[in-house]
Amino acid sequence: MQTKESVVSKEVAFRGGGFTHKPIFFIGPLVFICIIALLEWGTSSGWISDLTLPRPSGVAQTLMDLYHSGLLFQHLLPSLTRLLVGATMGIIIGIAVGVFIGLFSLVRAGLLPVVAALFPVPKIALLPLFVIWFGIDEGSKYALIALGAFTPTVVATYAAIDNVDRGYIRMGQSFGLPWLSIVRKIVLPGALPGILSGLRISLAISIILLVAAEMLGANYGIGAYVLEAGSLYDLERLFAGVFILSVLGVIINWLVGIVERRLLSWRT
Amino acid sequence: MQTKESVVSKEVAFRGGGFTHKPIFFIGPLVFICIIALLEWGTSSGWISDLTLPRPSGVAQTLMDLYHSGLLFQHLLPSLTRLLVGATMGIIIGIAVGVFIGLFSLVRAGLLPVVAALFPVPKIALLPLFVIWFGIDEGSKYALIALGAFTPTVVATYAAIDNVDRGYIRMGQSFGLPWLSIVRKIVLPGALPGILSGLRISLAISIILLVAAEMLGANYGIGAYVLEAGSLYDLERLFAGVFILSVLGVIINWLVGIVERRLLSWRT
Amino acid sequence: MNLHVNNISHSYGKVDVLKDINLNIEEHQIVCLVGPSGCGKSTLLKLIGGLEKPSSGKVMQLGEPPQHSINPLTYIFQDFALLPWRSVYDNISLVLEDHGIAKNELKHIINDVLARTKLTEFANAMPKQLSGGMKQRVAIARALSVRPAVLLMDEPLSALDSQTSELLMDDLVSLWDREKFTACYVTHNLNEAVRLGHKIVVLSRRPGTIREVVSIDIPLNERKNHVQALDQKQQYLWNLMREEALLADKELINAD
Amino acid sequence: MNLHVNNISHSYGKVDVLKDINLNIEEHQIVCLVGPSGCGKSTLLKLIGGLEKPSSGKVMQLGEPPQHSINPLTYIFQDFALLPWRSVYDNISLVLEDHGIAKNELKHIINDVLARTKLTEFANAMPKQLSGGMKQRVAIARALSVRPAVLLMDEPLSALDSQTSELLMDDLVSLWDREKFTACYVTHNLNEAVRLGHKIVVLSRRPGTIREVVSIDIPLNERKNHVQALDQKQQYLWNLMREEALLADKELINAD
Amino acid sequence: AEKIRVGALHWTSHSASFVAFERGYFKEQGLEVEFRFFKAAQPMAVAIASGDVDFGITAISGGLINLAGKGAIKVIGGVLNEEDGVDGQMILASKKAYDAGLKTPGDLKGHSFGITQTGSSFHYMAHKIAQKEGFSEADISLKPLQKIGSIIGALKTQQIDAWAVVPHIAKELIKNTNIVLIGKVSDYIPNYQVTTVFTSSNIAENKPELVKSFLTAFAKGGADFNAALVDKNVDEKATEEMVKLVHKYVYSDKPYEKAAPSIINGAMRLNQGAKLNISSVEDQLNWFKAEGLVKSNITLDMLVDPRYVETY
Ligand SMILES: Nc1ncnc2c1ncn2[C@@H]1O[C@H](COP(=O)(O)OP(=O)(O)OP(=O)(O)O)[C@@H](O)[C@H]1O
Ligand SMILES: Nc1ncnc2c1ncn2[C@@H]1O[C@H](COP(=O)(O)OP(=O)(O)OP(=O)(O)O)[C@@H](O)[C@H]1O
Ligand SMILES: [Mg+2]
Ligand SMILES: [Mg+2]
């Protein structure tokens with residue numbers, strides 16, 4: 001098709017785009033490398049006092065030593081056990097309570113205020129009590145972590161149940177499915193995405209509480225290691241410990257992601 | 001209309017209902033009253049040892065004493081100030097960083113891994129460092145609370161921005177709105193509900209961190225009061241303090257609810 | 001089995017939704033419910049299906065449902081209501097599992113309805129892989145699997161684009177031709193109503209009352225050849241409703 | 001101002017969506033785009049409106065847009081895209097605020113378009129209080145407020161129930177009668193297409209190519225009186241598309 | 001007058017500062033003192049390093065040594081010393097463990113022992129007991145419980161077997177029927193330099209006059225305290241006056257009648273003239289190094305600035 005010469009012809013200007021994200025993979029590691037390089041330079045040149053921050057190479061050395069001496073696993077193993085046992089307990093009970101709150105008006109009316117009142121209670125404040133209630137051995141550590149994981153799990157679970165599309169439930173009822181089938185086959189699978197994303201938060205909190213839990217009579221454990229480093233003001237060890245906890249958090253998050261992709265492959 | 005007598009006529013059976021909640025107002029208070037009555041009976045009858053739990057009436061008495069001696073406000077005021085200043089700082093910076101992560105791919109790629117690595121770091125472990133960085137006075141307390149509120153706020157904010165309906169943004173672009181107008185008039189208001197519900201979590205965490213913050217050379221403050229009670233193993237004071245923190249959490253949650261209803265009245 | 005809606009009124013709290021509804025749904029007939037939006041069509045269908053209890057009045061089944069019917073009153077929803085975490089096959093098996101049907105028998109029933117709705121090759125597909133039309137076809141297959149006496153359809157085609165709904169309408173007509181099912185069909189589309197309904201019930205605005213019942217005697221499978229006559233019926237219905245639709249559309253929705 | 005789509009092809013990643021599209025949109029005409037779902041209708045409209053960059057080819061404006069036009073190419077979306085946190089008035093003012101229009105002038109423009117779309121009494125209503133039809137009317141008012149040279153409409157009626165869309169179609173016809181706007185109108189509803197389109201462009205399945213362009217010469221406001229002729233056109237279009245629609249509907253959507 | 005900030009705990013062992021402040025000895029030296037109170041000793045060391053506090057008093061802990069190793073702080077004098085004839089730190093056992101055979105510190109092998117943290121003075125004491133009794137430290141199961149309060153709770157509920165603590169707490173505890181006294185720390189660590197006074201390296205090096213004036217006033221306060229409550233060679237009225245003075249800072253939430261016995265019982269000798277038992281300090285330093293708790297390159301010179309007080 002041709003245009004008459006006298007007519008001004010102009011291309012339509014582009015005005016869309018933006019507000020979406022393309023992953024830029026190399027930037028993340030680059031930022032970490034830059035931060036670390038800056039710290040290394042700053043601490044070794046004395047521009048950053050060694051009271052303020054440790055030298056990254058020192059932290060790396062400490063981590064290597066920890067690994068080679070076998071102490072790493074001596075600390076990691078009890079912590080992982082505590083995390084596993086405590087978080088599992090808290091999450092299982094939390095999901096159970098959350099499901100009941102989600103399904104029964106009476107339970108909701110009775111327990112929701114209790115959970116709401118428990119949420120802002122700082123678990124470290126209860127440490128002395130936990131010693132009395134559960135002893136200074138593993139019991140109190142499990143209990144502390146479990147309590148920490150419990151409340152966010154409850155909240156995530158009942159919210160997830162509330163968010164299950166009522167249309168699915170109505171469909172189940174319209175086919176005359178028994179109540180238990182509706183719960184098992186419709187409500188629970190429908191709530192799973194919400195429960196799993198609540199799990200991410202519960203597990204992050206569990207890691208944070210690991211340190212509080214290991215305040216109590218723990219000789220080994222990453223939390224105890226970090227606390228000891230703090231009290232010795234040994235920044236290299238402190239950061240080595242924090243680094244391990246941070247990596248632990250990232251790994252757990254990643255594992256939850258895998259579980260999500262597995263169980264929730266039906267999502268778009 | 002009439003039916004022939006020979007034809008069996010039966011009413012259609014009801015099979016809907018359920019899976020919704022009607023609030024049952026009296027149950028919540030009732031549960032609290034029952035728990036308290038049980039504890040009171042248990043502790044006064046000696047069935048619950050006074051090492052395990054305090055007597056509720058003792059806790060109430062302690063609270064009354066606190067109030068009448070004026071100590072309540074002497075503890076509450078510094079804590080509230082710390083909470084206010086710390087949480088405000090953390091939330092404002094968190095929202096700012098979250099908005100940048102939400103808007104710019106480059107910032108997202110660079111900062112998101114840093115935030116993800118910061119999230120599981122237990123803030124109590126960093127206490128000794130905070131003293132060096134920010135001093136033993138209010139500075140380190142503000143900083144600790146701010147750091148605690150920061151990470152969840154960032155995560156909630158950028159997630160909220162990601163969840164803003166892209167249709168609205170495309171609409172803005174189709175009318176040729178400048179980038180800044182789209183951000184100001186479409187993206188930010190659209191992200192507000194998510195940001196506010198993230199605030200609930202940030203503030204709950206702030207309260208929890210109040211106790212950790214007041215581990216650092218605080219003479220007054222609910223956190224310091226609770227810690228002291230814990231170290232003296234004075235259960236009545238411990239529970240009085242925990243009660244105050246819990247009430248604080250419930251009140252803050254309620255305030256956020258009011259702000260939500262105000263700012264988000266446009267929601268269904 | 002006929003259904004008889006006996007003097008039903010219904011209200012949600014203070015909102016009166018339906019008033020004095022009397023209606024017969026006769027065997028082997030499709031009754032269409034049309035009316036302005038918010039007039040209570042869905043509510044009436046829920047009352048008929050037993051998903052809602054009427055404030056007053058009754059819905060009666062006249063005569064026993066057929067022996068072999070697993071779920072006499074069966075719904076097909078506008079939004080398909082397929083569980084996204086179950087495959088096509090499992091979505092159908094969901095509604096059969098609780099009736100003590102033997103494994104083999106179950107498999108047989110499902111494969112049969114899949115074949116009848118031409119879905120056999122999609123048995124293992126997940127809902128998210130299907131287009132809207134296919135999803136609704138699965139919902140229809142699921143409804144057929146429980147051998148309903150009466151199908152209750154709440155705007156089953158309105159979520160589909162018009163090309164797809166055109167295709168599905170043809171499917172429904174040929175299905176009825178073969179199986180002569182009884183149905184109560186809610187729609188806001190007068191074209192659908194005149195193409196599928198033996199009886200078209202026009203409801204007024206809220207509180208919904210029956211304004212008129214229009215019958216169409218042309219057999220379903222011949223309607224394509226009576227464009228003119230149907231168009232007249234449709235125009236007649238549209239004139240009945242136009243004013244109310246306009247008012248209903250301009251109504252402010254109370255924020256509560 | 002005419003628009004000329006010049007040999008456009010487009011792909012998203014490896015998916016070819018459009019191939020060799022050449023199309024003229026002439027002043028004061030409504031061009032309808034129809035085609036099976038997923039064929040690239042919305043994509044083509046986005047390319048025309050500059051919301052998407054074509055992989056190859058160009059969209060040209062022939063002639064200057066009218067001086068007074070604030071936003072020459074203006075969209076009306078299927079889902080209305082009204083900001084729920086702004087009132088009707090503020091939703092319109094949103095698109096005018098950034099153009100340095102004086103307060104008074106702004107008020108005047110908004111009140112004028114509200115009056116033209118019979119929305120004056122709803123100026124302070126919030127979107128959630130409006131029915132679907134009203135919302136779309138606000139979206140139309142907003143589009144008119146920027147004095148568009150060409151309206152780009154992406155299935156503007158498909159989210160509405162058919163009674164409401166019937167009402168709005170009448171509105172659009174009388175609007176065009178008064179203002180003779182230029183438009184490119186995407187729809188999946190052949191009835192809409194034959195009632196609103198001067199030219200109907202039929203696209204093939206993905207990758208979308210132009211299969212046929214059908215012109216209808218009956219003036220818009222007289223079409224109601226030519227039911228038979230329109231029905232024939234519609235039937236003709238339906239036969240063109242039927243096979244493709246069937247195939248498009250049965251396609252499994254790739255999970256990626 | 002020069003303004004200085006002195007870190008303190010509400011403990012009897014900090015009385016020298018309180019006396020010097022109340023009786024104006026700091027003023028005499030031209031010092032305007034502001035107290036900064038802490039809940040635990042460890043943060044005090046960090047606060048001196050950060051410059052929030054100028055002088056502090058605490059036990060020699062791993063944290064203190066590491067900070068000294070970074071060149072941040074210096075020990076400049078002694079405060080509290082285990083001394084024969086004065087009640088020193090006491091070794092306690094739970095009744096349960098006692099009945100099961102933990103009658104003397106020599107029986108500690110295989111029992112649990114409460115400490116606040118690894119590298120705390122409690123840890124050091126446990127080590128010294130084990131060393132003297134001829135078994136390995138590893139034979140005692142140390143329970144780090146972070147806070148004195150938690151250790152008390154654990155001991156009361158018989159969850160740990162033993163602990164060693166300053167006399168005023170110990171004497172309170174053995175009133176409790178399920179806690180038993182089984183020994184004295186001074187038998188195991190003679191002349192144990194329990195706490196020291198320290199300041200930032202910056203002050204120690206650049207402001208010797210300030211350090212001298214502080215120590216002079218501090219020693220004077222200590223001498224008054226010793227005379228009234230340790231040597232008891234003043235009249236009753238002067239003693240009461242001293243107890244009242246201390247009570248302003250210690251157990252201030254208890255009525256005087258209840259607080260007085262605790263204060264008197266808890267009084268341990270404060271080093272005269274703030275002199276420092278450097279050999280005890282060195283022993284502690286070596287122990288920390290041996291345990292791997294502090295960097296092995298830290299020397300006594302880095303820890304102690306011996307210019308200001310008499311050392312022995
Ligand atoms: N569970 C409920 N609680 C309160 N009000 C309800 C409920 N369900 C429906 N309503 C109200 O009852 C009225 C009728 O609703 P219904 O869904 O039956 O209308 P409808 O005719 O199906 O409308 P539409 O054409 O929009 O589907 C509406 O005003 C609606 O707001
Ligand atoms: N942003 C995008 N990224 C990748 N693929 C896209 C994108 N937008 C659209 N597509 C794909 O391009 C094809 C055409 O999409 P488009 O929305 O233009 O179709 P359509 O004709 O409007 O369909 P419908 O009738 O369903 O609205 C589809 O297969 C769609 O999945
Ligand atoms: Mg409805
Ligand atoms: Mg489209």
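Residues numbered from 1 in each chain as written. Chains lettered and ligands numbered in written order. Predicted model: local features only at pLDDT ≥ 70, side-chain atom pairs only at ≥ 80, totals over all residues. Heavy atoms only, no water.

1. Side note on the overall build of chain A
- Looking only at helices and strands, chain A has 10 helices and 1 strand in total.
- Listing the helices and strands of chain A from first to last along the sequence gives β-α-α-α-α-α-α-α-α-α-α.
- Here the C-alpha atoms of chain A give a radius of gyration of 26 Å, more than 25% beyond the 18 Å that 2.2 N^0.38 yields for 268 residues.
- Principal axes of the C-alpha set define a box for chain A whose edges measure 80 × 70 × 30 Å.
- Burial analysis of chain A (268 residues in total) assigns 54% to the buried set.
- In chain A, the proportion of contacts linking residues at least 24 apart, taken out of those at least 6 apart, comes to 72%.
- A total of about 11,900 Å² of accessible surface is found on chain A, and carbon and sulfur atoms cover 69% of it.
- Taking the 18 positively charged and 14 negatively charged side chains of chain A as two groups, their mean positions are separated by 17 Å. (Helix = DSSP H or I, 4+ residues; strand = E, 2+ residues; numbered from the N terminus. Rg over C-alpha atoms; globule rule 2.2 N^0.38 Å. Buried < 20%, exposed > 50% of the residue type's maximum accessible area, 1.4 Å probe, protein only. Contact = heavy atoms within 4.5 Å. Areas by Shrake-Rupley, 256 points an atom, 1.4 Å probe, with all protein chains shown as cover. Lys, Arg positive; Asp, Glu negative; His and termini not counted. Charge placed at Lys NZ, Arg CZ, Asp CG, Glu CD.)

2. Thoughts on the interface of chain A and chain B
- Contact residues are listed per partner, giving 69 residues for chain A and 69 residues for chain B.
- Summed over both partners, the interface of chain A with chain B buries about 5,400 Å², with 74% contributed by carbon and sulfur atoms.
- Connecting chain A to chain B are 0 salt bridges.
- Scanning the region where chain A abuts chain B turns up 16 residue pairs in polar contact (both at pLDDT 80 or more).
- Secondary-structure elements contributing two or more residues to the side of chain A that touches chain B are helix H1 (27–45), helix H3 (71–103), helix H4 (105–118), helix H5 (127–134), helix H7 (166–174), helix H8 (179–213), helix H9 (222–231) and helix H10 (235–263) of chain A.
- Looking at the side of chain A that touches chain B residue by residue, the class counts come to 48 nonpolar, 15 polar and 6 charged. (Buried area = accessible area lost by both parts, 1.4 Å probe. Salt bridge = Lys/Arg side-chain N within 4 Å of Asp/Glu carboxyl O. Polar contact = N/O pair within 3.5 Å; in protein donor to acceptor, adjacent residues only side chain to side chain. Nonpolar A, V, L, I, M, F, W, Y, C, P; charged D, E, K, R; others polar.)

3. Describing the relation of the copies chain A and chain B
- Rotating chain A by 180 degrees and moving it 0.0 Å along the rotation axis overlays it on chain B with an RMSD of 0.2 Å. The superposition of one copy onto the other is thereby described by a two-fold rotation axis.
- When you check the interface residues of chain A against chain B, 100% turn up at the interface there too, and the contact is symmetric in its surfaces. (Least-squares fit on C-alpha atoms with pLDDT ≥ 70 in both.)

4. Structural notes on the UniProt feature "transmembrane region" (unreviewed entry) in chain A
- Feature annotation in UniProt assigns "transmembrane region" (unreviewed entry) to the following positions: residues 24–43, 83–107, 114–136, 142–161, 203–226 and 238–259 of chain A.
- Structurally, residues 83–107 of chain A is divided into 96% helix and 0% strand, and its ends, taken at the C-alpha atoms, are 29 Å apart. (UniProt positions renumbered as here; feature names shortened; annotations may be inferred.)

5. Details of the site of ligand 2
Residue and element names in this part refer to chain D.
- All residues adjacent to ligand 2 are Tyr-12, Val-17, Ser-37, Gly-38, Cys-39, Gly-40, Lys-41, Ser-42, Thr-43, Glu-155 and Arg-206.
- One of the backbone nitrogen or oxygen atoms of Gly-38 is found 2.8 Å away from an oxygen atom of ligand 2.
- Taking Thr-43, its side chain carries an N or O atom lying 2.4 Å from an oxygen atom of ligand 2.
- In isolation ligand 2 has 630 Å² of accessible area, and contact with the protein removes 60% of it. (Near = heavy atom within 4 Å.)

6. Observations concerning a nonpolar patch on the surface
- The grouping of Phe-243, Val-247, Ile-251, Trp-254, Leu-255 and Ile-258 of chain A at the surface amounts to a nonpolar patch, some 540 Å² of accessible area in total.
- Inspection of the secondary structure puts Phe-243 of chain A in helix H10. (Patch = residues over 30% accessible without salt bridge, like charges linked within 9 Å, V, L, I, M, F, W, Y side chains within 5 Å.)

7. As for the UniProt feature "domain: ABC transmembrane type-1" (unreviewed entry) in chain A
- Under the feature "domain: ABC transmembrane type-1" (unreviewed entry), the UniProt entry names residues 76–256 of chain A.
- For residues 76–256 of chain A, the helix share is 83%, the strand share is 0%, and the end-to-end C-alpha distance is 20 Å.

8. Focus on the site of ligand 1
All names here are of chain C.
- Near ligand 1 you find Tyr-12, Val-17, Ser-37, Gly-38, Cys-39, Gly-40, Lys-41, Ser-42, Thr-43, Glu-155 and Arg-206, and these make up its full shell.
- A distance of 2.5 Å separates an oxygen atom of ligand 1 from a polar atom in the side chain of Arg-206.
- Look at ligand 1: alone it shows 630 Å² of surface, and the protein chains cover 60% of it.
- A total of 3 residues in the shell around ligand 1 trace back to one element, the largest contributor, which is helix H1 (residues 41–49).
- Partitioning the shell around ligand 1 into residue classes produces 3 nonpolar, 5 polar and 3 charged.

9. Points about the sheet that holds strand S1 (residues 9–11) of chain A
- If you walk across this open sheet you meet the 4 strands as S1(A)-S4(D)-S1(D)-S2(D), and the pairing is antiparallel. Of all the strands in the sheet, the pair left with one neighbour each is S1 of chain A together with strand S2 (15–25) of chain D. This sheet shows a mean twist of 25 degrees between the axes of neighbouring strands, independent of strand direction.
- Summarising the sheet, strand S1 (residues 2–12) of chain D and strand S4 (residues 56–62) of chain D pair through 6 bridges and their orientation is antiparallel. Bridge assignment links Asn-2 of chain D to a residue of S4 of chain D, and that residue is Leu-62 of chain D.
- Strands S1, S2 and S4 of chain D of the sheet are contacted by helix H1 (residues 41–49) of chain D, whose axis makes an angle of about 125 degrees with S1 of chain D. (Pairing = 2+ DSSP bridges. Axes fitted to C-alpha atoms, helices over the stretch in contact; angles between N-to-C directions.)

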